[in-house]
Amino acid sequence: MILCAGEALIDMLPRETSAGEAAFAPHAGGAVFNTSIALGRLGVPTQFYSGISKDLFGEVLTGALAASNVDASLAHRSDQPTTLAFVKLVDGHASYAFYDENTAGRMLPLDSLPDTSADALFLGGISLAVEPCAGTYAALLKREASSKVTMIDPNIRPTFIKDEAVYRARIAEMIGLADIIKLSDEDLDWIDPEGDTADKARKMVADNDLKLLCITEGSKGVTGYTPTQEIFVAANKATVVDTVGAGDTFNAGLLASLHNAGLLTKSGVARLSDDAVRDALSLGAKTAAITVSRAGANPPWASEL
């Protein structure tokens, strides 16, 4: 069982009406939400924890989770509204404008931390950038890091960060507690602006005793760094419709591969073989390629692989 903890929101995706007018279509989304959906569709037992509104958009979110076999019973339900993210696409690449003040996801209370029998914990996204939910997720990681395999994808959105110093300190502390980290090359450059990508990645692994650090580089591919290995897997060729949810789906493929191999244990991730890392990166790349080939965050089902 994998517990995914982080934002669930509505992506307002740009569309055009039959009359040729610009419009936005609401779609269930959020980085961690997308990863949980992808895991459920890949057949991995998955739980989801977040703040979810009781409004009509909240019902869309819980319905989407149920449809992809994700257990949302741990979510904290409230009367506050759902976070909205308006998406702008330029050459298939997404940028976001978030409407997040006083929302159900943002105002996630510390006393809502769930009890879970999950073997692994996945966190990330914009939930780690704003209070009070960021503090709640950080507390969950601190509570579980010693006994569960933990993975973080901060999915850094600089325009969403209000207090950079606080955010940098939080991310640094959480990376120090985690077993697996996934960063885009842009994320890595934001965290550590100076130097070569590979050198920075090796330093991050060594400084934080990481078991696996994945650095994605878009259409080029992904490199997995462990204390003893560097393994590159090329991106799968795809006709890109948009990149919404690509990294989130990669995370799910990676975790699904480790789950299927019986490696989502503390001892398992501490002894990852070359083949295990390559298999995990490859499944992540394959699932991400399918996601970018269709509109919105629409991860593949296991039967599509």
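Structure shown above.
All of the points below concern the structure found in this document. The structure displayed is predicted, hence computed values, not measured ones.

**Examining the overall build of the protein**
From N to C terminus, the protein includes nine helices and 15 strands. Buried residues in the protein amount to 54% of all 305 residues. Contacts in the protein between residues far apart in sequence, at least 24 positions, make up 71% of those at least 6 positions apart. With an accessible surface of roughly 12,600 Å², the protein has 51% of that area assigned to carbon and sulfur atoms. Of the side-chain charges in the protein, 25 are positive and 39 negative, and the distance between the mean point of each set is 2 Å.

**A look at the packing of aromatic side chains**
Counted according to the given criterion, the structure contains six aromatic pairs. Relative to Y99, the ring of F86 lies with its centre 5.5 Å away and its plane at 80 degrees, an arrangement referred to as edge-to-face. Pair noted here: F86 is in strand β8 (residues 84-90) and Y99 is in strand β9 (residues 93-99), with a separation of 13 residues, a long-range link. Ring-pair connections join several aromatic residues into one group, and the members of that group are F24, F86 and Y99. Above the face of the W190 ring, R168 is positioned so that its terminal group lies 3.8 Å from the ring centre.

**A short note on the nonpolar core**
Of all hydrophobic cores here, the largest spans 47 residues; its most connected members are I2, F33, L39, F48, I180, L254 and L281. If one sorts the elements of this core by residue count, helix α9 (residues 274-292) sits on top with seven residues. Among all residues touching F33, those that are not within four sequence positions of it are E7, A8, A28, F48, L61, A64 and L65. Judged by nonpolar contacts, the second largest core, of 41 residues, contains L108, I126, A138 and Y167.

**Examining the pairing of strand β10 (residues 120-124)**
Extensive coverage of β10 is indicated by the burial of five of its five residues. Judged by which residues are buried, β10 turns out to be covered on both faces: A120, F122 and G124 on one side and L121 and L123 on the other are all buried. Inspection of the sheet shows strand β1 (residues 2-5) paired to β10 by four bridges, in the parallel sense. Considered in β10, the bridge of A5 is made with L123. Note on the crossover from β10 through helix α3 (residues 133-144) to strand β11 (residues 149-153): the handedness is right-handed.

Rules and cut-offs
- Residues numbered from 1 in each chain as written.
- Predicted model: local features only at pLDDT ≥ 70, side-chain atom pairs only at ≥ 80, totals over all residues.
- Heavy atoms only, no water.
- Helix = DSSP H or I, 4+ residues; strand = E, 2+ residues; numbered from the N terminus.
- Buried < 20%, exposed > 50% of the residue type's maximum accessible area, 1.4 Å probe, protein only.
- Contact = heavy atoms within 4.5 Å.
- Areas by Shrake-Rupley, 256 points an atom, 1.4 Å probe, with all protein chains shown as cover.
- Lys, Arg positive; Asp, Glu negative; His and termini not counted.
- Charge placed at Lys NZ, Arg CZ, Asp CG, Glu CD.
- Phe/Tyr/Trp six-rings, centres within 6.5 Å; stacked < 30°, edge-to-face > 60°.
- Lys NZ or Arg CZ within 6 Å of the ring centre and 35° of its normal.
- Core = buried A, V, L, I, M, F, W, Y, C linked by side-chain atoms within 4.5 Å.
- Pairing = 2+ DSSP bridges.
- Right-handed = clockwise from strand over helix to strand, strands pointing away.

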